Amino acid sequence: MQDNIDVIIIGAGIAGITTAYYLQKNFPGVSYKILDSRSSAGGTWDQMKFPGVRADNDMYTYGFSFNPWKGSIIGNGADIRGYINQTANKFKIKKNIVFNTQVSALSWKDNLWTTKTDKKNYTSQYVICCTGSRDRNNPHLPKFKGESKYKGKIVHTQNWGDTDFKGKSVTIIGSGCTAITMAPSIIKEAKKVTLVQRSPAWIINIDSQEKSSRGYKTFQVLKDYISSRFFKKSLRKKIIAADPYYNDKTTPSYDFWDQRPASSLDQDYFRAVESSKVKIERQGVSNWEATGVKLQDGKVIHSDLTVMATGGNAQLLGGIDIFVNDKKINIHDTSWYRGMMFSGLPNLFAHAGYINFSWTARCEIVSQRICKTIKYMKKKELSTCTAKYLGEKTTPSIQANYVLRAMDKFPNRTYKFYQNYFVEYIIFKLSKVDDGALEFER
Ligand SMILES: Cc1cc2nc3c(=O)[nH]c(=O)nc-3n(C[C@H](O)[C@H](O)[C@H](O)COP(=O)(O)OP(=O)(O)OC[C@H]3O[C@@H](n4cnc5c(N)ncnc54)[C@H](O)[C@@H]3O)c2cc1C
């Protein structure tokens, strides 16, 4: 069974809902479906259920501009999921979502894309992949020797399920955003918490009562990011001098904003680590023992539960196999056109976020650029648009492990993909669709 529609969207998270909103706004009467393997909308915010899960950046910029967030400056996971669903209902997007549908392949032939799913299939002129940046089935799980010896439970934050931590001795391995938000939220009910952090992270504090606006936050975050690039050493000194938390053991080896900083809310993390129930170990894991992990200095950290807050594995296009005229495409062999298309893949668009700014904000400007491209094609009666293989060798946008681990999964060239919202906002608005890097056919 196969239905022909105008646009197939894959993924019903922030990107999928944003895309649908702008498609409806620009093309009243457009026929589209959003296919998602989950049973509910929200993507990341439907999957992540670990205690303390919340956004790291302010909701003024992380919320949709077309349905402003009404809660406090940092949203928690359940509230963000509710907000995404409320937005999908408000703009009558929900009825176009087809849940519980896993897309395994997309094939381009005779100027149409065809899905391969475990349910009904669709054909369409355009595909917009809103599949996120993470392998949702296989998180990053470093392997230490002797895992089978351990008698406790091991859980990755991505697959939290109904894991019980109450009254238990918990070890959290990892020093990123997840570990920093989780520790304060479990400390009251856990028996004790040990944080194993091989390398400390920069942590900023956010005041939950702060009131601001989308415009001001956009300006402030980007100003801070840009100045951190120009004044790396002096900024580092300034932060260390101003915050007594940083000492020889807690100061990261990398500069501020070389990786996305973690955030503490109303000092919750800093208070948690002062508690007698919390201990921080600043070294790597050597192997598993029956009662917990053994650190490199030989000390064993006894625990009933070990939480792997070790991050995700990057994945583009949701693990979908892509075929163009029966030829399987390796995304690594392509060029990434403006962070929204891949060379050689006609009429296929895909969202990717920033490492230094709100994901939603980029989804909005990319969605508008996609609509501008489709409008141009309609006006000129063109049926296909394909990015050329142009650009520079792809380099890591940030020195974070999850990016460095995934370089062979990204396109090997990048054409005009700026990690800067202001620059892209202006370029997407002002630059011509027919910019010399796209090939069009009638
Ligand atoms: C704890 C946490 C905090 C974060 N905080 C922030 C923050 O403060 N600011 C920020 O900018 N970003 C943050 N992020 C990053 C976050 O992932 C993005 O902001 C955003 O949620 C991604 O939305 P998305 O719709 O692009 O992708 P996702 O939320 O990943 O949704 C993708 C959807 O596509 C579906 N899908 C994928 N592949 C297939 C397939 N083959 N077939 C069918 N369905 C498929 C999935 O089921 C999923 O529902 C955070 C991430 C985490 C984990």
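Residues numbered from 1 in each chain as written. Predicted model: local features only at pLDDT ≥ 70, side-chain atom pairs only at ≥ 80, totals over all residues.

So what exactly am I meant to see when it comes to the nonpolar core here?
Soluble, globular proteins show a tendency: their nonpolar side chains are buried together. Judged by nonpolar contacts, the single largest core of 100 residues is most densely connected at I9, I17, I128, I172, A183, V193 and L348. Looking at which domains feed residues into this core, each of domain 1 (2-137 + 313-441) and domain 2 (147-308) gives three or more. (Core = buried A, V, L, I, M, F, W, Y, C linked by C-beta atoms within 7 Å. Buried ≥ 20, exposed ≤ 12 C-beta atoms within 10 Å, placed from the backbone. Domains from an automatic or database assignment.)

Explain the sheet that holds strand β9 (residues 192-196) to me, please; I cannot follow it from the model alone.
Each strand in a sheet pairs with another by means of backbone hydrogen bonds, the pair being arranged parallel or else antiparallel. Pairing is parallel across the open sheet formed by five strands, whose spatial order is β7-β16-β8-β9-β12. Every other strand in the sheet has two partners, leaving β7 (153-156) and β12 (278-281) as the edge strands with one partner each. Neighbour to neighbour, the strand axes of the sheet diverge by 20° on average, direction disregarded. Pairing geometry for β9 and β12, over four bridges, is parallel. What sits directly across from T194, in β12, is K279. (Pairing = 2+ DSSP bridges. Helix = DSSP H or I, 4+ residues; strand = E, 2+ residues; numbered from the N terminus. Axes fitted to C-alpha atoms, helices over the stretch in contact; angles between N-to-C directions.)

Explain the site of the ligand here, please?
The full set close to the ligand counts 34 residues, and G11, G13, G43, G132 and G318 are the nearest of them. If you tally residues by element for the shell around the ligand, the top one is helix α1 (residues 14-26), at three residues. Looking at side-chain class alone, the shell around the ligand contains 13 nonpolar, 16 polar and five charged residues. (Near = placed C-beta within 6 Å. Nonpolar A, V, L, I, M, F, W, Y, C, P; charged D, E, K, R; others polar.)

Would you explain the domain arrangement of the protein chain in this entry?
Bring the parts together and some accessible area is lost; that lost area is often taken as the interface size. On domain assignment, one finds that the protein chain holds domain 1 (2-137 + 313-441) and domain 2 (147-308). Centre-to-centre separation of domain 1 and domain 2, based on C-alpha positions: 30 Å. The interface of domain 1 with domain 2 comprises 24 residues on the first partner and 28 residues on the second. Of all the secondary structure elements, the ones that give two or more residues to the side of domain 1 that touches domain 2 are α3 (59-62) and α11 (421-430). Of the residues belonging to the side of domain 1 that touches domain 2, the class tally is 13 nonpolar, seven polar and four charged. (Contact = placed C-beta atoms within 7 Å.)

Is there a simple way to think about the packing of helix α9 (residues 359-379) against α11 in this case?
Axis angle and axis distance: for two packed helices, these are the angle between their axes and the distance between the axes, and together they describe the pair. Orientation of α9 relative to α11, taken along the N-to-C sense of each, is 15°, at an axis distance of 10 Å. One element, α9, and the other, α11, form an angle in the roughly parallel class. The two elements α9 and α11 meet at a crossing, and its hand is left-handed. Contact residues: A361, R362, I365, Q368 and R369 in α9; Y421, E424, Y425 and F428 in α11. Here the residues of the contact of α9 with α11 sort into five nonpolar, one polar and three charged. (Parallel < 35°, antiparallel > 145°, perpendicular 65-115°, else oblique. Left-handed = near helix turned anticlockwise from the far one by under 90°.)

Before we go on, may I ask you to explain the environment of G75 in this structure?
Note on placement: G75 falls in the loop between α3 and α4 (77-90). For the pair formed by G75 and R54, sequence separation is 21 residues and the distance between their alpha carbons is 5.8 Å. In contact with G75, not counting residues within four places along its chain, are R54, A55, M59, W69 and I80.

What am I meant to see in unusual backbone geometry here?
Only a minority of non-glycine residues have a phi that is not negative, and only a minority of peptide bonds are not trans. Residues other than glycine seldom take positive phi values, yet D266 does so here, at roughly 50°. Within the fold, D266 resides in the loop between β11 (262-265) and α8 (268-274). Non-glycine residue N347 carries a positive phi angle of around 55°. Among the structural elements, N347 can be located in the loop between β20 (341-342) and β21 (348-350). Its 22 C-beta neighbours within 10 Å are what place N347 among the buried residues.

Hey, could you run me through the packing of α1 against α9 in this one?
Where α1 contacts α9, the two axes come as close as 9 Å, and the packing angle between them is 35°. The handedness of the crossing between α1 and α9 comes out as right-handed. Along the contact surface, α1 presents I14, A15, T18, T19, Y22, L23 and N26, while α9 presents W359, T360, C363, E364, S367, Q368, C371 and K375. Of the residues belonging to the contact of α1 with α9, the class tally is seven nonpolar, six polar and two charged.

Can you walk me through the pairing of strand β5 (residues 112-117) in this structure?
On a regular strand, one side chain projects to one face of the sheet and the next to the other, so that they alternate. The pairing of strand β4 (residues 103-109) with β5 spans six bridges and is antiparallel. Each residue of the ladder has a partner; that of S107, found in β5, is T114. Between the antiparallel neighbours β4 and β5 lie two residues, among them D110 with a positive phi of about 50°. Pairing of β5 with strand β6 (residues 121-129), which is carried by two bridges, proceeds in the antiparallel orientation. Counterpart to T114 in the pairing with β6 is T123. In this antiparallel pair of consecutive strands, β5 and β6, the connection spans three residues.

Whenever I open this one, the sheet that holds strand β15 (residues 300-302) confuses me. Can you help?
A sheet is described by the order of its strands in space; here three strands give the open sequence β13-β14-β15, paired in antiparallel fashion. Only two strands of the sheet have a single partner each, and these edge strands are β13 (285-289) and β15. Recorded for the sheet is a direction-independent mean angle of 30° between the axes of neighbouring strands. Two elements, β13 and strand β14 (residues 292-295), share four bridges in a ladder whose sense is antiparallel. Residue E289 lies in a different strand from β14, and its bridge partner there is G292.

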